[in-house]
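Observations on chain architecture
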Amino acid sequence: MAMLDKLKKLERIARELEPTAGERRFTRDRIVSYGEDFLNRLEEANAFDSKPDKGIGILDSPISEDPIPIEEALTLLGQNVDTQGLNPASAGHLGYIPGGGLYYSALGDYLAAITNRYAGVFFASPGAVRIENMLISWMAGILGYPVNSAGNLTSGGSIANLIAIVTSRDAQKINSTNIARSVIYLSHQAHHSLQKAIRIAGLDECILRYVNLDRQYRIIPGELEEQVEADKRNGLNPFLIIGTAGTTDVGAIDPLDEIGDIAHRHGLWFHLDAAYGGFFILAAQGKAKLKGIEKSDSVCIDPHKGLFVPYGLGAVLVKDIARMQGSLSYLANYMQDTFSSTDEPSPADLSPELSKHFRGLRLWLPLKLHGTRPFAACLEEKLLLTRYFYQEIQKLGFEVECEPELSVVIYRYVPKKGDADLFNKRLVEEVQKDGRVFISSTLLNGKFILRFAILSFRTHLKTVDLALRILKEKVEMLENLAG
Ligand SMILES: *Cc1c(COP(=O)(O)O)cnc(C)c1O
């Protein structure tokens, strides 16, 4: 009896985890209205908020046995999270690589979490796995990859790059017998997630060759090939070339066609990091610039950048599924019911993940509800806005470092007197303090450079004009201060 009493008592408390229909409605209404408020105020909201308390108030409400009401939870978020630091949802987010966060993705996430379909193996949710595989085939189609290419929806570009690097390592049979004489070719402009991936994949002992770049920060193919040939002559084992379509600093696209040919001629794996730039292939001008993308063996491409979905969705595609499975599949005893060779490929066999978010839904839903047309238009608009900013910023007396290839402009102001690096550093600080728009900076050849990156789906002409006005204002103020 004691046991039954105890079970009843525990059940009563455990059942608090399942709110009633009325409680669900009450809480949902408040969450939805918080979300609506956030969106309705987005135009006036800052792109960056620098407040001295930096959200510390969240710690005043520790995790405890006792519940708090939804209003209190939302107040905590409103004060400490959603009005502090960078606001990536803002049209004025013009730093790093923006994306925005499509509303229908949020609804897709909501459904994915409610139904909690397990999209890891075909057996468990054939429909969910079909959705994820269909998105991979769609991406393969737009990139010019074979339709039967393999791929995986990841949490982002970093994991996508890691999966590709591990696959290339095994496909090229890099192991303890040859690692120290195996060579990877890349650019100093490659994203740091690749250096991380190389380390995580145990390839730190390989020789890393940083190929010289042209004035537009692109790999010089002639130098790449000479280096590969010299390394082969010297008994080394060249096995991997890493190219980038849209570098983070300047948006440069390495010469994909030529690099692809070099890789094929010499039997090297060509991995392409198109995390930022890949989806510009949906815009006519972007497509021309990305010619040769299909010559890569693997590619990383981020829907949470170029397709504007909220953070948490990257993708990796690999032409040869056997290579990908060779590195990433595993048959455990307790998974024996799930295996059938006639099935569609299962994400769990193409990723380090087993239990996973049904993240396909956050892309499938916006693509289905909008169609692809507005995505293509939006990307074309971004390319044109970039040209516009590039033109207008020069009229304001700024120097530009090189022509924008995609949607990043690098520029700086050279003051009448004083140190230019210091002036531009203060200029970024002033723009960030103002907060209406957010810009970031980088170092190029030791010079402090400003970056202007347009990729939020919410950024239109009005925001770019605002950014230009703010930059003009701040330059005048700093020049006046200097006297
Ligand atoms: C953003 C980015 C990455 C890293 O992707 P995450 O989604 O941030 O993990 C890798 N490479 C390039 C070129 C990027 O722009």
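For the structure given in this document, a descriptive report is provided here. Along each chain, residues carry numbers from 1 onward, in the same order as the chain's sequence is written. Owing to the predicted nature of the model, reporting of local features is limited to residues with pLDDT of at least 70; listing and counting of side-chain atom pairs is limited to 80 or more, with chain, interface and lining totals taken over all residues. With hydrogens and water set aside, each side-chain value is computed from the structure's full complement of heavy atoms.

1. With respect to the overall build of the chain
Our working definition: Starting at the N terminus, helices and strands are each numbered in turn, a helix being any DSSP run of H or I of at least four residues and a strand any DSSP run of E of at least two. For the radius of gyration, the atom set is restricted to C-alpha positions; the globular benchmark scales as 2.2 Å times the number of residues to the power 0.38. Think of it in three bands: residues with accessible area under 20% of the maximum for their type are buried, residues over 50% are exposed, and the middle band is partly exposed, with areas taken using a 1.4 Å probe on protein chains only.
A tally of helices and strands in the chain yields 16 helices and 13 strands. Over its C-alpha atoms the chain spans a radius of gyration of 25 Å, differing by no more than 12% from the 23 Å that the globule rule assigns to 483 residues. On the principal axes, the C-alpha backbone points of the chain span a range of 80 × 65 × 40 Å. Split into buried and exposed, the 483 residues of the chain put 50% on the buried side.

2. A short note on the environment of Ala180
For clarity, the threshold we go by: By definition in these notes, contact holds between two residues if any of their heavy atoms fall within 4.5 Å.
Counting through the fold element by element, Ala180 comes out in the loop between helix H6 (157-171) and strand S4 (182-186). With a relative accessible area of 54%, Ala180 lands in the exposed category. Residues Ala180 and Asn237 lie 57 residues apart in sequence; the distance between their C-alpha atoms is 9.0 Å. If near-sequence neighbours (up to four positions away) are discounted, Ala180 is found in contact with Glu205 and Ile207.

3. Section: the site of the ligand
What counts is decided by this rule: Neighbouring residues are identified by heavy atoms, a residue being near a molecule or strand if any of them is within 4 Å of it. A 3.5 Å cut-off defines polar contacts: any pair of N or O atoms within that distance qualifies, except that in protein one atom must be a possible hydrogen donor and the other a possible acceptor, and neighbouring residues in sequence count only when both atoms are side-chain atoms. Only the protein chains shown count as cover for residues, and the accessible areas themselves come from Shrake-Rupley with a 1.4 Å probe. In this classification, Asp, Glu, Lys and Arg are treated as charged, Ala, Val, Leu, Ile, Met, Phe, Trp, Tyr, Cys and Pro as nonpolar, and every other residue, Gly included, as polar.
Taken together, 14 residues surround the ligand, and among them Gly157, Ser158, Asp273, Asp302 and Lys305 come closest. Within the backbone of Gly157, an N or O atom sits 2.7 Å from an oxygen atom of the ligand. Separating an oxygen atom of the ligand from a side-chain N or O atom of Lys305 is a distance of 2.8 Å. Contact with the protein chains hides 86% of the accessible area of the ligand, taken as 380 Å² for the molecule alone. It is H6 that contributes the most residues to the shell around the ligand, 3 residues altogether. Among the residues forming the shell around the ligand, the class breakdown is 2 nonpolar, 9 polar and 3 charged.

4. Focus: the packing of helix H2 (residues 21-40) against helix H3 (residues 70-80)
Quick reminder of the rule: Inter-axis angles, ranging from 0 to 180 degrees, are taken between N-to-C directions of lines fitted to C-alpha atoms, where helices are fitted over the stretch in contact. For classification purposes, an angle smaller than 35 degrees is called roughly parallel, one larger than 145 roughly antiparallel, one from 65 to 115 roughly perpendicular, and anything else oblique. In this scheme, a crossing is called left-handed if the near helix is turned counterclockwise away from the far one by less than a right angle; it is called right-handed if the turn is clockwise.
In contact at an axis separation of 10 Å, H2 and H3 are set at 20° when each is read in the N-to-C sense. Judged by the angle between their axes, H2 and H3 are roughly parallel. For H2 against H3, the interelement crossing comes out right-handed. Along the contact surface, H2 presents Phe26, Thr27, Arg30, Ile31 and Tyr34, while H3 presents Ile70, Glu71, Leu74, Leu77 and Gly78. The residue makeup of the contact of H2 with H3, split by class, is 6 nonpolar, 2 polar and 2 charged.

5. Topic: the nonpolar core
Looking at soluble globular proteins, one finds that nonpolar side chains tend to be buried together. Counted only if it meets this: We call a set of buried Ala, Val, Leu, Ile, Met, Phe, Trp, Tyr and Cys residues a nonpolar core when their side-chain atoms join them within 4.5 Å.
Ranked by size, the top nonpolar core spans 66 residues in total, and within it Leu143, Leu224 and Leu317 carry the most contacts. Sorting elements by how many residues they give to this core places helix H5 (residues 126-143) first, with 8 residues. Setting aside anything within four residues of it in sequence, one finds Leu317 in contact with Ile136, Met139, Ala140, Leu143, Tyr145, Ala150, Gly151, Asp297, Ser298, Val299 and Ile301. By size, the runner-up hydrophobic cluster in this structure holds 30 residues, among which are Leu162, Ala190, Cys206 and Cys300.

6. Here's the deal with the sheet that holds strand S8 (residues 298-301)
Our working rule: Here the rule is simple: two strands pair whenever DSSP picks up at least two bridges between them.
Pairing is mixed in the open sheet, where 7 strands are placed in the order S3-S9-S8-S7-S6-S4-S5. The open sheet has two edge strands with one neighbour each: strand S3 (150-154) and strand S5 (207-210). Across the sheet, the mean angle from the axis of one strand to that of its neighbour is 15°, orientation sign disregarded. Pairing of S3 with strand S9 (residues 314-318) involves 5 bridges; the strand directions are antiparallel. From the neighbouring strand, Thr154 faces S9, where its bridge partner is Gly314. In the packing of H6 onto the sheet, contacts are made with S3, strand S6 (237-244), strand S7 (269-273), S8 and S9, and the angle to S7 comes to roughly 180°. Against the sheet, helix H9 (residues 256-266) contacts S6 and S7, and its axis sits at roughly 155° relative to S7.

7. Considering the side chain of Thr442
With respect to the secondary-structure elements, Thr442 resides in strand S12 (residues 440-444). Classification of Thr442 by relative accessible area gives buried; the value is 14%. Within the structure, the side chain of Thr442 is placed 2.7 Å from the side chain of Asp249, a separation counted as a polar contact. Contacts of Thr442, omitting those with residues within four sequence positions, involve Asp249, Lys447, Phe448, Ile449 and Arg451.

8. Considerations on helix H8 (residues 221-233)
How we decide: A helix is expected to span 1.5 Å for every residue after the first.
Taking 1.5 Å per residue as the helical rise, H8 with its 13 residues ought to reach 18 Å, and the 18 Å between its terminal C-alpha atoms agrees with that figure. Looking only at H8, the buried set comprises Pro221, Leu224, Glu225, Val228, Ala230 and Asp231. Looking at the buried positions of H8, the neighbouring elements they touch are S4, S5, S6 and H9. Following H8 by one or two positions, Gly235 has its phi on the positive side, about 80°.

9. Focus: a nonpolar patch on the surface
Basically, it comes down to this: What goes into a patch is any residue over 30% in relative accessible area without a salt bridge, connected to like charges within 9 Å or, for nonpolar side chains (Val, Leu, Ile, Met, Phe, Trp, Tyr), within 5 Å. Here, a salt bridge means any Lys or Arg side-chain nitrogen found within 4 Å of an Asp or Glu carboxyl oxygen.
Together, Ile56, Ile58, Leu59, Leu77 and Val81 make up an exposed nonpolar region whose accessible area comes to about 430 Å². Relative to the helices and strands, Leu59 resides in the loop between strand S1 (48-49) and H3.

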